Amino acid sequence: MRVGILTSGGDSPGMNACIRAVVRGCLYYGMEVYGIHQGYEGLINDEFEPMKTSSVADIIHRGGTILQTARSTDFMADEGMMKGYENLRMHGIEALVVIGGDGTLTGGEKLHRMTRMPVFGLPGTIDNDLAYTDFTIGFDTAVNTVLSAIGNIRDTSSSHGRTTIIEVMGRHCGDIALHAGLAGGAETILIPERGFEVEDIAKKLLAGKERGKLHSIIIKAEGVEMDSNVLAKQLADMIDCETKVVVLGYIQRGGSPTARDRILASRTGVRCVELIREGVSNAAIGIKGDTIVDYPLAVALAMEKNTHLDYQRICDILL
Ligand code: F6P
């Protein structure tokens, strides 16, 4: 049997560990595997490469993706998708593994629905915005990257008695902010899933100042509609505190994956190969608690995300 694998969308630490698991899992079970470079763009442009054990040597610890990635609008059009499908057929590919986020798995589901090509989705994104799995591959590493930044910023905020707004990634999901904010002891966490009043933040900062707090850290998810610099200005005017903004940006997408992400990548990757062997027609593979789970792609993508809104409540108690 011949399997294809690609990474698509925003890259995430752990994608390489996942590629490694799928490639070596396929070879272990006597299957051939082709890497497809540049995500769905490479599928359309026929950028296929046969993979062997050595192709994925010494990559489990590396961030990024050895197959590169791209955001492809062409693939979402029927013509592009059919071109990709023809290339899969031309190479004798009988099952396609796609590693990425919501857009990637959505494209894979459409390919399966339109062509009946067996497609399997693995949750490679830092955003943790896929409802069918408790965690996505790269999320834990991104949270720890943010945590390290919070520590550095806390030092200088204390020295200067400043309030600092740290803006983090996550697209429309607040999980990076929630988890890093709780772990980092942030005073306030702002996420798109829940509204807030600037006055309430100001009151909390003022109370802290009156208690002698030397600094305050506000973690703000990028999906929150209010601009971070506007918020900083309003707070500075309301409570006469020097307020800075740090947008962490793309450092959250790189770095050596944590053990947790490497293990999640390895477990889901091997399970994916076993589902292919079992003749399953399509699946999204993830984790619930400590159990590796799988659902048909359409079922997985239809699930509603539940957000740990109690994390802010815990922060309020522990301030
Ligand atoms: O989906 C991952 C992600 O890093 C989001 O958190 C972020 O908003 C987006 O990708 C950035 O996209 P791009 O890499 O295309 O600028």
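Scroll up to find the structure this text is about.
The structure reproduced in this document is the subject of the present report. (Residues numbered from 1 in each chain as written. Predicted model: local features only at pLDDT ≥ 70, side-chain atom pairs only at ≥ 80, totals over all residues. Heavy atoms only, no water.)

## A short note on the overall build of the chain
Here's step 1: When you go through the chain residue by residue, the secondary structure sums to eleven helices and eleven strands.
Here's step 2: Counting only C-alpha atoms and orienting by the principal axes, one finds that the chain spans roughly 70 × 35 × 30 Å.
Here's step 3: Here the chain holds 319 residues, and the buried ones make up 54% of them.
Here's step 4: For the chain, restricting intrachain contacts to residue pairs at least 6 apart in sequence, the fraction spanning at least 24 positions comes to 75%.
Here's step 5: Carbon and sulfur atoms form 50% of the exposed surface of the chain, whose accessible area is close to 13,400 Å².
Here's step 6: The centroid of the 32 positive side-chain charges in the chain is displaced by 4 Å from the centroid of its 41 negative side-chain charges. (Helix = DSSP H or I, 4+ residues; strand = E, 2+ residues; numbered from the N terminus. Buried < 20%, exposed > 50% of the residue type's maximum accessible area, 1.4 Å probe, protein only. Contact = heavy atoms within 4.5 Å. Areas by Shrake-Rupley, 256 points an atom, 1.4 Å probe, with all protein chains shown as cover. Lys, Arg positive; Asp, Glu negative; His and termini not counted. Charge placed at Lys NZ, Arg CZ, Asp CG, Glu CD.)

## A short note on the sheet that holds strand E6 (residues 163-168)
Here's step 1: Pairing within the open sheet is parallel, and its four strands lie in the order E7-E8-E6-E9. The open sheet terminates on both sides in strands that have one partner only, identified here as strand E7 (188-190) and strand E9 (243-247). Within this sheet the neighbouring strands show an average axis-to-axis angle of 20 degrees, counted without direction.
Here's step 2: Two elements, E6 and strand E8 (residues 216-221), share six bridges in a ladder whose sense is parallel. Paired with Ile-165 across the strands is Ile-218, a residue of E8. (Pairing = 2+ DSSP bridges. Axes fitted to C-alpha atoms, helices over the stretch in contact; angles between N-to-C directions.)

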